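Structural overview for review
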Amino acid sequence: MPDQEKRVAWVELFFDLVFVVALTQVSSLLHADHSWPGAARALVVFIPIYWAWVGMTMHANLHDVDRTRARLGAFAVGLCGLFMALALPEAYESRGLLFGASYWAARLVLYALMWRSYRGVGFNPFTAAAFVTGPLLTLGGLADGGVRMALWALAAGVDLSVPFLARRRMARIAYEPSHLPERFGLFLIIALGESVAETGVVAGHQPLTPARLAAVAVAFALTCALWWVYFAFAAGAIRYALRTAEVAIEVIRPVLPYGHLAFVGGVIAIAAATGEVITHPLAHLHTDVAALLFGGAALYLATFGYTRWRMFRTVSTARLSAAALCLAVVPLAGRVPALAAMAALAAVLVALNVWEARTVQRVEAAA
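Overview of the structure. What you are looking at is a predicted structure, and each value in this text was computed from that prediction instead of being measured.

1. Let's talk about the side chain of H260
With respect to the secondary-structure elements, H260 resides in helix α10 (residues 249–279). Of the residues examined, H260 reaches a relative accessible area of 1% and is grouped as buried. A distance of 2.9 Å separates a polar side-chain atom of H260 from the backbone oxygen of V255. Each residue touching H260, except ones within four places of it in the same chain, is listed here: Y50, F184, Y230, I238 and V255.

Written out as structure tokens, the structure is:
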């Protein structure tokens, strides 16, 4: 009897609840300061949160997390993630040490859980986080101002570079391909859920005028369109690519941790911008907000071009064209009411989905 596909465990779904809080806090940072420096600060603290989630996902992929030790490990990493989320509002002020030390603690737990699986790999993401980036984030939490930012940015860069540098050694690891696409898709669902939550929370604290209700409807339609772009076709393509790859890590590394970092980053940027649109639906967008809204959508769509090339060596013309269109209209977005600008973006995504659905139908009819 063939082995059953590995499915996401209940403890993993419980673990994800912490990251709902964390993504909400990251979005709040962007909402409070959507300038370019503000976006950079939000990205620098988002990467360790995301990397802790990735580490736990890789552990769950390689082990049975329904065992007592693994469950307790997931709870421990989840508590550290919760402390990181609580530190985020003042991570660059009084709670920097809490943020950095919590990340280090999470990575030490993950190192203890993973060292047997990775002991033949040498230097890898778990040893790097436990002995390099964790200490860097903790030292950054003890520093002030620009020094903290520099140390945390360095730590984020190291975390991002190690899977690439260690890719040949990590090819020895026998990952379960059916589990990982589901996990990363669920993380994207968390990000899309944050977009819906941002819409509801912001609107709930404002008078529900007709313009604001219209903005809520358009924001929800935009989120639905973002969901459709990924889950209608791309999710299945990722599963197929992993199932048929000769070396799974050559798809896992670029498409899952790296590609989904960009997917989620784009969604968080859009969520922060939609909050501004709902607050002031008839005002004109500030340039920074327009850059978050349309730039986030462009990043989201362009990442599909990157992932498709890495999986199949083909060009995603429609999605790359839509991404270019989003970037092209950023200078024009501030000349119309915010509601109209967001409606135009939603229309672009809906049109893309319709075009792709018809393209698939034509291909299937011709086959």
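2. Some details on helix α12 (residues 317–328)
With 12 residues, α12 should cover 16 Å at 1.5 Å per step; its first-to-last C-alpha distance of 16 Å lies within 8% of that length. Those residues of α12 hidden inside the fold are in contact with α9 (210–244), α11 (287–312), α13 (330–333) and α14 (338–366).

3. Notes on the packing of α11 against α12
The geometry of α11 relative to α12 is characterised by a closest axis approach of 8 Å and an angle of 160 degrees between their N-to-C directions. The angle between the axes of α11 and α12 places the two elements in the roughly antiparallel class. Crossing of α11 against α12: the hand is left-handed. Counting all contacts with α11, which are made through F294, G295, A297, A298, L301, A302, F304 and G305, the residues of α12 involved are R319, L320, A322, A323, C326 and L327. Residue composition of the contact of α11 with α12, grouped by class: 11 nonpolar, two polar and one charged.

4. Things to note about empty space enclosed by the protein
If a probe the size of a water molecule is rolled over the atoms, the empty space left behind becomes visible. Enumeration over the complete set of coordinates arrives at two cavities of 30 Å³ or more. Together, 16 residues line the largest cavity, and M58, P125, P163, M170 and P257 are the ones closest to its centre. Of all the secondary-structure elements, those providing two or more residues to the lining of the largest cavity are α2 (36–62), α4 (96–118), α5 (125–142) and α10. Its residues assigned to classes, the lining of the largest cavity shows 13 nonpolar, one polar and two charged. The space that makes up the second largest cavity amounts to roughly 50 Å³.

5. Considerations on the environment of L320
The residue L320 is located in helix α12 in this model. A sequence separation of 60 residues divides L320 from H260, and the C-alpha atoms of the two residues are 17 Å apart. If we skip the residues at most four places from it in the chain, L320 touches A302, G305 and V315.

What counts as what
Residues numbered from 1 in each chain as written. Predicted model: local features only at pLDDT ≥ 70, side-chain atom pairs only at ≥ 80, totals over all residues. Heavy atoms only, no water. Helix = DSSP H or I, 4+ residues; strand = E, 2+ residues; numbered from the N terminus. Buried < 20%, exposed > 50% of the residue type's maximum accessible area, 1.4 Å probe, protein only. Polar contact = N/O pair within 3.5 Å; in protein donor to acceptor, adjacent residues only side chain to side chain. Contact = heavy atoms within 4.5 Å. Expected span 1.5 Å × (residues − 1). Axes fitted to C-alpha atoms, helices over the stretch in contact; angles between N-to-C directions. Parallel < 35°, antiparallel > 145°, perpendicular 65-115°, else oblique. Left-handed = near helix turned anticlockwise from the far one by under 90°. Nonpolar A, V, L, I, M, F, W, Y, C, P; charged D, E, K, R; others polar. 1 Å grid on protein atoms, 1.4 Å probe; cavity = no way out; pocket = protein on both sides within 12 Å on 5 of 7 lines; lining within 4 Å. Points joined across faces, edges and corners; volume = space filled by probe spheres on them.

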